[in-house]
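As a plain string of letters, each chain reads:
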Amino acid sequence: MAEPGRPGTTTAPRARADVARRVAGSAAAGCALAGAVAVTVAVIAGPGPGLTGYVSEAGIAGSGHATTYRIGILALAAALLLVGAALPPGVWAAPALLATGAVFTAVSGAVTCSAGCPLPPFERATAADLVHGGTSIAATASVVLAMVTLAVSGPAGPVLRRLAGLAAAVALPLCAAVGLAMLVLGRGAVVGVLERLVLAVAVLWGLSTATALALARR
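As the structure is a prediction and not an experimental result, all values here were calculated from the model. (Residues numbered from 1 in each chain as written. Predicted model: local features only at pLDDT ≥ 70, side-chain atom pairs only at ≥ 80, totals over all residues. Heavy atoms only, no water.)

J.: Explain the state of the cysteines here, please?
T.: Put plainly, a disulfide is one covalent bond tying together the sulfur atoms of two cysteines. Scanning all chains against the criterion turns up one disulfide. Through a disulfide, C113 is tied to C117; the S-S separation comes to 1.8 Å. Exposure remark for C113: the relative accessible area of 4% places this residue in the buried category. Take C117: its relative accessible area is 5%, and that puts it in the buried class. Cysteine C175 shares no disulfide, and the gap to the nearest cysteine sulfur, in C117, comes to 18 Å. C175 sits in the partly exposed class, given a relative accessible area of 27%. (Disulfide = S-S within 2.5 Å. Buried < 20%, exposed > 50% of the residue type's maximum accessible area, 1.4 Å probe, protein only.)

See below:
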């Protein structure tokens, strides 16, 4: 029987909390994988303009795969929330950033953009376009900041820190490149490819982090 307060022993509440975090990690991995597959299917099978368009164009009203896209986005939002819940105790800021990212992701899936998902400065955008674009950017920023925070968080442990550090090192310059390309070049293949790379890094990081949390033994 565990002895509370004695080094090297684990109390029943702590053991239950560890199990709950592993369960949350497993659920997060499942949601991340299901969401990524659903969004990928919607983008590939949809009538969008390929790499010259935005991923969000798969979810515009009237698209035959809009429902699949929205389900995928909501699954990814749930994955972010679950990863934040599965993080070890003592990790600061990252759970709140992931929860914020989950909310913005869900809103971006609920508020669809118009055909072509126009954004300034080269295109005229509706209010829904601005809300969708703004929440999508905020969601990505929250996730990348969570990566940075985890990379320097001691309680996260070496595995999570390495995963977060690697993902942040790739995502930060890609995000900067997307922002610059949108301002200088506007819609096109460059922005389309860069956007997909950023999203791929975020999903792979979420999936790998969730898997590590699910397999962790504390």
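Continuing now.
J.: I would appreciate a short explanation of the packing of helix α1 (residues 12–45) against helix α6 (residues 189–215) in the present structure.
T.: When two helices pack together, their arrangement is given by the angle between their axes and by how far apart the axes lie. It is the contact of α1 with α6, at a shortest axis distance of 7 Å, that shows an interaxial angle of 155 degrees. When the axes of α1 and α6 are compared, the pair comes out roughly antiparallel. Classified by chirality, the crossing of α6 by α1 is left-handed. Seen from α1, the contacting residues are R22, G25, S26, A28, A29, A32, L33, A36 and V43; seen from α6, they are R196, V203, L207, A210, T211, L213 and A214. Along the lines of polarity and charge, the residues of the contact of α1 with α6 split into 11 nonpolar, three polar and two charged. (Axes fitted to C-alpha atoms, helices over the stretch in contact; angles between N-to-C directions. Helix = DSSP H or I, 4+ residues; strand = E, 2+ residues; numbered from the N terminus. Parallel < 35°, antiparallel > 145°, perpendicular 65-115°, else oblique. Left-handed = near helix turned anticlockwise from the far one by under 90°. Contact = heavy atoms within 4.5 Å. Nonpolar A, V, L, I, M, F, W, Y, C, P; charged D, E, K, R; others polar.)

J.: Would you mind going over unusual backbone geometry with me for this structure?
T.: Glycine aside, residues mostly have negative phi, and peptide bonds are mostly found in the trans state. Of note in the backbone geometry, A93 takes a positive phi value of approximately 70 degrees without being a glycine. By secondary structure assignment, the location of A93 is in the loop between α2 (66–86) and α3 (94–110). For A93, a relative accessible area of 30% translates into the label partly exposed. Positioned with a positive phi, C117 is a non-glycine residue whose angle comes to about 45 degrees.

J.: Which parts of the structure should I look at to understand the nonpolar core?
T.: Counting 39 residues, the largest nonpolar core has L87, L98, M147, L150 and W205 as the members making the most contacts within it. Elements with a minimum of two residues in this core: α1, α2, α3, α4 (127–151), α5 (158–184) and α6. A per-element tally of this core places α5 first, with nine residues. The contacts of M147, once residues within four sequence positions are left out, are A164, A167, A168, A171, A202 and W205. Core analysis: the next-biggest nonpolar cluster, separate from the first, contains seven residues, V39, A42, Y69 and I73 among them. (Core = buried A, V, L, I, M, F, W, Y, C linked by side-chain atoms within 4.5 Å.)

J.: Is there a simple way to explain the confidence of the model for the protein chain in this structure?
T.: Close inspection of predicted coordinates is inappropriate for parts of the model with low pLDDT. Taken as a whole, the protein chain shows an average pLDDT of 89; of its residues, 93% reach a score of 70 or greater. In the model of the protein chain, α1 stands out as the element of lowest mean pLDDT, 91, in contrast to α3, which has the highest, 96. Below a pLDDT of 50 lies the segment residues 1–8, which in the model reaches four contacts outside its immediate sequence neighbourhood of four places, other chains included. (pLDDT = per-residue confidence, 0-100.)

J.: What's the story with the side chain of S153 in this structure? I'm lost.
T.: In this structure, S153 sits in the loop between α4 and α5. The exposure class assigned to S153 is buried, which follows from its relative accessible area of 1%. The contacts of S153, once residues within four sequence positions are left out, are V91 and R161.

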